[in-house]
Amino acid sequence: MTTSAAATPAGAARLPRPAMERLLRDVQADLADYAELRALLDQQFAGALRHDAQAMEPLAEALVAVVDRLDARRLFRDGLLARLSGGAAPSVPALLAQWPAAQRAAVQALWDRLAQAVQDCKALNLRNARLLTEQHQLLTRVLHGKEDPLYADA
């Protein structure tokens, strides 16, 4: 990758090549982790439908591990965005503006894929949460004759 003389927002630092390469690797790693997260969420849903409590604990641990990796890379991106913003509100469009024009469209497409993967996993997580909440409410009514107000619809 080479950097070009693309317009840089006033006061913003120029995105150095190593940072660009790191960001690309991180976004690609995020895409792989979101694919893994999606598979784990599907397994969690299937386990919940089967009422398979033994399968749920290792799935929860695997989910936390993937989310921790994703969060670490998000924190790095947030820090980079803050440094590059030059006092303006940090944003992905500002970060993408730092890319050489010849590569910007490909990087934008990669970012768009990541944004879609995030939305897909959020929807699956919400689906799972609703199922688990419904199961908890049903079990509470069966065992105690009333609902536990601790869990409420999201």
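Just so it is clear, the structure is predicted and the values come from calculations on it, not from any experiment.

About the cut-offs
- Residues numbered from 1 in each chain as written.
- Predicted model: local features only at pLDDT ≥ 70, side-chain atom pairs only at ≥ 80, totals over all residues.
- Heavy atoms only, no water.
- Core = buried A, V, L, I, M, F, W, Y, C linked by side-chain atoms within 4.5 Å.
- Buried < 20%, exposed > 50% of the residue type's maximum accessible area, 1.4 Å probe, protein only.
- Helix = DSSP H or I, 4+ residues; strand = E, 2+ residues; numbered from the N terminus.
- Expected span 1.5 Å × (residues − 1).
- Contact = heavy atoms within 4.5 Å.
- Salt bridge = Lys/Arg side-chain N within 4 Å of Asp/Glu carboxyl O.
- 1 Å grid on protein atoms, 1.4 Å probe; cavity = no way out; pocket = protein on both sides within 12 Å on 5 of 7 lines; lining within 4 Å.
- Points joined across faces, edges and corners; volume = space filled by probe spheres on them.
- Nonpolar A, V, L, I, M, F, W, Y, C, P; charged D, E, K, R; others polar.
- Phe/Tyr/Trp six-rings, centres within 6.5 Å; stacked < 30°, edge-to-face > 60°.
- Lys NZ or Arg CZ within 6 Å of the ring centre and 35° of its normal.
- Polar contact = N/O pair within 3.5 Å; in protein donor to acceptor, adjacent residues only side chain to side chain.

Caption draft 1: How the structure looks around the nonpolar core. Ranked by size, the top nonpolar core spans 31 residues in total, and within it Leu15, Tyr34, Leu37, Leu80, Leu95 and Trp99 carry the most contacts. Elements supplying a minimum of two residues to this core: helix H1 (17–49), helix H2 (53–84), helix H3 (92–96) and helix H4 (101–144).

Caption draft 2: H2, seen in detail. Compared with the 46 Å implied by 1.5 Å per residue over 32 residues, the 46 Å span of H2 between its first and last C-alpha is a close match. Every buried residue of H2 is listed here: Ala55, Met56, Leu59, Leu63, Val66, Leu70, Arg73, Arg77, Leu80, Leu81 and Leu84. Those residues of H2 that are buried are in contact with H1, H3 and H4. Of the residues one or two after H2, Gly86 is the one with positive phi, at around 60°.

Caption draft 3: How the structure looks around the pattern of salt bridges. All told, the structure shown has 12 salt bridges when counted by the stated rule. Linking Arg74 and Asp78 is a salt bridge whose minimum nitrogen-to-oxygen distance equals 2.7 Å. One end of the pair is Arg74 and the other is Asp78, both in helix H2 and four residues apart, which spans about a single turn. Salt bridges linked by common partners bring Asp30, Asp33, Glu36, Arg69, Arg73 and Arg77 together as one network.

Caption draft 4: Molecular detail of the layout of surface pockets. If you add up the space inside the largest pocket, you get close to 410 Å³. What lines the largest pocket is a set of 20 residues, and nearest its centre among them are Tyr34, Leu70, Arg74, Val118 and Lys122. Mapped onto the lining of the largest pocket, the elements with two or more residues apiece are H1, H2 and H4. The leading source of residues in the lining of the largest pocket is H2, at eight residues. Here the lining of the largest pocket is built from residues that sort into 13 nonpolar, one polar and six charged. Of the voids in this model, the second largest pocket is the one considered here, and its volume is about 200 Å³. Ranked by residue count, the leading element in the lining of the second largest pocket is H4, at six residues. Class assignment for the residues of the lining of the second largest pocket results in five nonpolar, three polar and no charged.

Caption draft 5: How the structure looks around the packing of aromatic side chains. Summed over all chains, the structure comprises zero aromatic pairs. Sitting above the plane of the Phe76 ring, Arg22 keeps its charged end 3.9 Å from the centroid. The side chain of Arg127 reaches across the aromatic face of Phe45, ending 3.9 Å from its centre.

Caption draft 6: Examining the side chain of Asn128 more closely. Structurally, the position occupied by Asn128 is in helix H4. Since its relative accessible area comes to 2%, Asn128 is described here as buried. There is a polar contact of 2.9 Å between the side chain of Asn128 and the backbone oxygen of Leu41. Apart from the residues within four sequence positions on either side, Asn128 is in contact with Leu41, Gln44 and Phe45.

Spatial relationships are all this shows, so hold off on functional conclusions.
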